[in-house]
Amino acid sequence: ALSVPVVAVTLRDPECRAQSNNSHFLLAFPVTSCGTEGVLQGHPRGVEYKNTSFQHITGGLGGRTSKSR
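What you see as residue numbers is a count from 1 along each chain, following the sequence as written. Local features in this predicted model are restricted to residues whose pLDDT is 70 or higher, and side-chain atom pairs enter the listing and the counts only when it is 80 or higher, whereas totals over whole chains, interfaces and linings include all residues. Only heavy atoms go into the side-chain values, all of them from the structure, while hydrogens and water stay out.

**Comments concerning the state of the cysteines**
Any two cysteine sulfur atoms lying within 2.5 Å of each other are counted as a disulfide. Under the defined criterion, the tally for this structure stands at one disulfide. Across a sulfur-sulfur distance of 2.0 Å, Cys16 and Cys34 are joined as a disulfide pair. Around the S-S axis, the bridge from Cys16 to Cys34 shows a dihedral of about -85 degrees and counts as left-handed. On the criterion of sequence distance, the pair formed by Cys16 in the loop between β1 (6-10) and β2 (19-20) and Cys34 in the loop between β3 (25-26) and β4 (37-41) is long-range, its members being 18 residues apart. Residue Cys34 is classed as buried on the basis of its relative accessible area, which comes to 8%. Strands here mean DSSP runs of E at least two residues long; helices mean DSSP runs of H or I at least four residues long; both are numbered from the N terminus. Burial classes follow relative accessibility: with a 1.4 Å probe on protein chains only, a residue under 20% of its type's maximum area counts as buried, one over 50% as exposed, and anything between as partly exposed.

Quick look at the structure:
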């Protein structure tokens with residue numbers, strides 16, 4: 001398998017960057033920021049929050065990205 005190093009992880013808002021310890025990335029942000037969308041749920045009552053994470057690989061933020069929900 002080919003391993004491509006991830007150089008940064010962001011959310012929909014590219015200013016919301018994860019912190020790295022050289023082995024893991026940690027995203028910590030207020031739930032109503034960084035492009036997060038809230039959807040009211042009927043039953044059980046609650047809110048579902050959604051965002052997209054982008055993994056930036058070699059070439060920095062202008063390089064290739066892959067996204068996951």
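On we go from here.
**What to know about a nonpolar patch on the surface**
Side chains of Val31, Leu40, Val47 and Tyr49 sit close together on the surface and give an oily, nonpolar patch of about 400 Å² of accessible area. Within the secondary structure, Leu40 sits in strand β4. Looking at Leu40, the relative accessible area reads 72%, which means it is exposed. Note on patches: the residues involved have over 30% relative accessible area and no salt bridge, like charges join within 9 Å, and the nonpolar side chains Val, Leu, Ile, Met, Phe, Trp and Tyr join within 5 Å. Note that accessible areas follow from Shrake-Rupley with a 1.4 Å probe, and for residues the cover is restricted to the protein chains shown. A pairing counts as a salt bridge when a side-chain nitrogen of Lys or Arg comes within 4 Å of a carboxyl oxygen of Asp or Glu.

**Considerations on the side chain of His56**
Checked against the element boundaries, His56 lands in strand β6 (residues 53-57). Side chain to side chain, His56 and Thr10 meet in a polar contact 2.9 Å long. In the analysis that follows, any N or O atom pair within 3.5 Å is treated as a polar contact, provided that within protein one partner can donate a hydrogen and the other can accept it, and provided that, for residues neighboring in sequence, both atoms belong to side chains.

**Notes on unusual backbone geometry**
Cis rather than trans, the peptide bond between His43 and Pro44 has omega equal to -5 degrees. Looking at where Pro44 falls in the secondary structure, it is placed in the loop between β4 and β5 (46-50). Even without glycine at this site, Cys34 takes up a positive phi of about 65 degrees.

**Digging into the pattern of salt bridges**
The full count for this structure, using the stated rule, is one salt bridge. Between Glu37 and Arg12 there is a salt bridge; the shortest N-O distance is 3.4 Å. Of this pair, Glu37 sits in strand β4 while Arg12 sits in the loop between β1 and β2; the two residues are 25 residues apart in sequence, bridging distant segments of the chain. Overall, the relative accessible area of 27% leaves Arg12 in the partly exposed class.

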